[in-house]
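Spelled out from the first residue to the last, the chains are:
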Amino acid sequence: MTVSRLLLRPAARLGGWHAGRQLRQFLAAHQNSRAVQDALLERLVAMHADTRFGRDHGLARVRGYDDFRRAVPVGDYEAHRPYMDAAYAGDAGALFPAGVAIHLFALTSGTTGQPKRIPVTPESLVHYRRGWNVFGLRFLGDHPAAWLRPILQLTGPAIESYSPAGVPCGSISGLLADTQKRIVRRMYVVPPAVRDLADPVTRLYTTLRLAMPRDVSFITTANPSTIVQLMTLATAHAEPLLRDLRDGTLTPPGELPGPLRQALGPRLKKHPALVARIEAGLARDGELRTGHFWDLAGLMHWTGGTLGLYLPQVQRLTGGVPSRDIGLLASEGRLSVPLDDHTPAGVAEVLGAFLEFIPAEAIGQPDPPTLRSHELTVGEEYFVVLTNFSGLWRYNIHDRIRVTGQLGQSPVFAFLSKGSHTANLTGEKLTEHQAVQAVRQALQASGVQAGRFLAQPCFADEPYYCFTLESPAPLPAGLAGGIDSALQALNIEYASKRSSGRLGPVRLSAAAPADFDRREARLLADRPARATQYKHQYLLTDVCTDEAPAAAALFG
């Protein structure tokens, strides 16, 4: 153990004791989560009864869950927008009691071109941070080799703009990083100013140059594609990176602000032994991998839903390092806490949000039925509805989940897809999750690697689904049949329509990575959002009538 780690142990023990108490309280809460949720709902209603939202919805008359359900309808962000816009303009009383300050408006993309702005209050920040403490302590308990070693956190800037009332707007993950305990901030290998660089290539290059000489214990980020992007850039810029490490310099592709370059100067040491080790690994593997310079104990990132497609690449680039899903969390709040590696499932976060669930088959109904967390059935799928301290009331976050187990009275569930993401040509009700699973199974069976893909229902004399895969090389002839067979196994309605001739077989085409990149850039330009929040949509639900839709309709 290094001297610095020895010096940090007393403070780490104190922080670990606090987090350990939170972990024990969290686990105990699930033994009687119904009572925990009842008490949370009562507190939320009492606190906010005299806000404008509370008065408009008669919260002062609510005496329990049945009253609450009658008083407040299930709604999405658009239903909340008048109150959110008022808070953004400076009228915090629209959503919060007197004296409650808004620390930040967390920005996230909405269904329209206008971003959602989620208020982050002192209370919501406490719950968000507690969820991370519980998650992190459990992870460190399972991976003690990561204890008191440097951390590479890949996140967005904390502040991107300001509201008319002067409240910062940006990333809640950046805010949490900036306000983390001092002992944890000491573990971060990249200073906040690097995270705030606008040019992504310069930002990632600088991140690599600073992080590669450090004894990084784990990487934490939301999207696993960020890890793939980081390591792909490392290989593409291996020559200047190795030269910088050898010479003690920093020469990113883009410009660094003068004050930042000056601040980073003392960090830029020469590392000839490390360079030799990396060069040997690069010559052996043909690409840079994390094992050439780090001994990682684990990874923290999303693994569920469509993001599972990145796992084979992440595993190759990190040498099979265990991954732990960071849970179902968003700007709106944390909804689950995973407690184990290699699963996207986590236990419901019953302490920080009052949770309800709409059965998947009832989504879209004007007044959908809702179930509480203790009423769910293992194996069934639901959409999550939350009420919390961010001013969200019976908010349909449009996340589809599947319940995989229970912890006490609480459900353990895994994220499947964002929104309903269901295509329907002839009654087959194909979901994005099924499309992703089918492609994954077919690629594994054929031994072929491909990146992103787009699936789209196509109306013709014989309706069918067109799958366009990102691949620089021709795709094998049997891959389309493999995808089609997997879809039939995953979706009985799809199988029925195929066997009856109402659906034709899957058709397959290939597109270059540059085509997908251009399409992604166009989407980001049309719907302003941070690139770190962008989630590729694999299944398009609008029906194409073009007999050859791939290149013309998708990438034209």
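Right, let's walk through the structure included here.

What counts, and at which threshold
Residues numbered from 1 in each chain as written. Predicted model: local features only at pLDDT ≥ 70, side-chain atom pairs only at ≥ 80, totals over all residues. Heavy atoms only, no water. Helix = DSSP H or I, 4+ residues; strand = E, 2+ residues; numbered from the N terminus. Rg over C-alpha atoms; globule rule 2.2 N^0.38 Å. Buried < 20%, exposed > 50% of the residue type's maximum accessible area, 1.4 Å probe, protein only. Contact = heavy atoms within 4.5 Å. Areas by Shrake-Rupley, 256 points an atom, 1.4 Å probe, with all protein chains shown as cover. Pairing = 2+ DSSP bridges. Axes fitted to C-alpha atoms, helices over the stretch in contact; angles between N-to-C directions. Parallel < 35°, antiparallel > 145°, perpendicular 65-115°, else oblique. Nonpolar A, V, L, I, M, F, W, Y, C, P; charged D, E, K, R; others polar. Phe/Tyr/Trp six-rings, centres within 6.5 Å; stacked < 30°, edge-to-face > 60°. Salt bridge = Lys/Arg side-chain N within 4 Å of Asp/Glu carboxyl O. Core = buried A, V, L, I, M, F, W, Y, C linked by side-chain atoms within 4.5 Å.

### Thoughts on the overall build of the protein chain
When helices and strands are tallied, the protein chain shows 20 helices and 22 strands. In terms of overall dimensions, the protein chain is globule-like: its C-alpha atoms have a radius of gyration of 24 Å, near the 24 Å expected for 556 residues. Across its three principal directions, the C-alpha atoms of the protein chain cover 70 × 65 × 45 Å. In the protein chain, which comprises 556 residues, the proportion classed as buried is 53%. The contacts of the protein chain with a sequence gap of at least 6 include a subset with a gap of at least 24, amounting to 67%. Within the structure as shown, the protein chain displays about 23400 Å² of accessible surface, and the carbon and sulfur contribution to it stands at 54%.

### Focus: the sheet that holds strand S6 (residues 218-221)
The strand order S3-S6-S7-S8 describes an open sheet built from four strands, whose pairing is parallel. On the outer flanks of this sheet lie strand S3 (151-154) and strand S8 (323-324), each paired with one strand and no other. Where strand S7 (residues 298-300) meets S8, two bridges bridge the pair, whose relative direction is parallel. By the bridge assignment, Leu299 is partnered in S8 with Ser323.

### Describing the packing of helix H10 (residues 200-211) against helix H11 (residues 224-236)
The geometry of H10 relative to H11 is characterised by a closest axis approach of 10 Å and an angle of 80° between their N-to-C directions. Considering the angle they form, H10 stands roughly perpendicular to H11. In contact with Val201, Leu204, Tyr205, Thr207 and Leu208 of H10, H11 contributes Gln229, Leu230, Leu233 and Ala234. When its residues are assigned to classes, the contact of H10 with H11 shows seven nonpolar, two polar and no charged.

### Side note on the sheet that holds strand S21 (residues 464-470)
The sheet built from three strands is open, its strands ordered S20-S21-S22 with mixed pairing. Unpaired on one side and paired on the other, strand S20 (453-458) and strand S22 (507-511) mark the two borders of the sheet. In this sheet, neighbouring strand axes are inclined to one another by 20° on average, regardless of whether the strands run parallel or antiparallel. Pairing of S21 with S22 involves five bridges; the strand directions are parallel. Counted as the bridge partner of Glu470 is Ala511 from S22.

### Here's the deal with the packing of aromatic side chains
The tally for this structure, following the rule as stated, stands at 14 aromatic pairs. Pairing Trp132 with Phe135 gives two aromatic rings, centres 5.5 Å apart and planes at 90°, and the pair type is edge-to-face. Here Trp132 and its partner Phe135 are both found in helix H6 (residues 122-142), three residues apart, which amounts to about one turn of the helix. Exposure remark for Trp132: the relative accessible area of 23% places this residue in the partly exposed category.

### Considerations on the pattern of salt bridges
Inspection of the entire model under this criterion finds 28 salt bridges. For Asp341, the salt bridge identified is with Arg324, shortest N-O distance 2.8 Å. Here the residue Asp341 occupies a position in the loop between strand S11 (336-337) and strand S12 (345-348), and Arg324 occupies one in strand S8, the gap between them amounting to 17 residues. Judged by its relative accessible area of 18%, Asp341 is buried. For Glu520, the salt bridge identified is with Arg452, shortest N-O distance 3.1 Å. Of the two residues, Glu520 is situated in helix H19 (residues 513-526) and Arg452 in the loop between helix H16 (432-446) and S20; the sequence distance between them amounts to 68 residues. Classification of Arg452 by relative accessible area gives buried; the value is 11%.

### Focus on the pairing of strand S16 (residues 395-407)
Bridging between strand S15 (residues 381-388) and S16 involves five bridges; their strand directions are antiparallel. Within the sheet, the bridge partner assigned to Val385 lies in S16 and is Asn396. The pairing of S16 with strand S17 (residues 410-418) spans eight bridges and is classified as antiparallel. Across the sheet, Asp399 pairs through a bridge with Lys418, a residue of S17. The hairpin formed by S16 and S17 contains two residues between the paired strands, and Gly408 there has a positive phi angle of roughly 60°.

### Quick notes on unusual backbone geometry
The backbone of His342 shows a phi angle near 60°, a positive value even though the residue is not glycine. For His342, the position within the fold is in the loop between S11 and S12. Backbone geometry places Arg394, a non-glycine residue, at a positive phi of 45°.

### Here we look at the nonpolar core
Counting residues in each nonpolar core, the largest one holds 146 residues, and the members touching the most others are Phe68, Leu152, Phe453, Tyr465, Phe467 and Ile483. Excluding residues within four positions of it along the chain, Phe467 makes contact with Ala435, Val439, Phe453, Leu454, Ala455, Ile483, Leu487, Val506, Arg507, Leu508 and Ser509.

### Let's talk about helix H12 (residues 238-247)
The set of residues buried in H12 consists of Ala238, Pro240, Leu241, Leu242, Asp244 and Leu245. Buried positions along H12 lie against H10, H11 and helix H14 (272-285). Directly after H12, the chain includes Gly248, whose backbone phi takes a positive value near 75°.

Just geometry here; none of it tells us what the structure is for.
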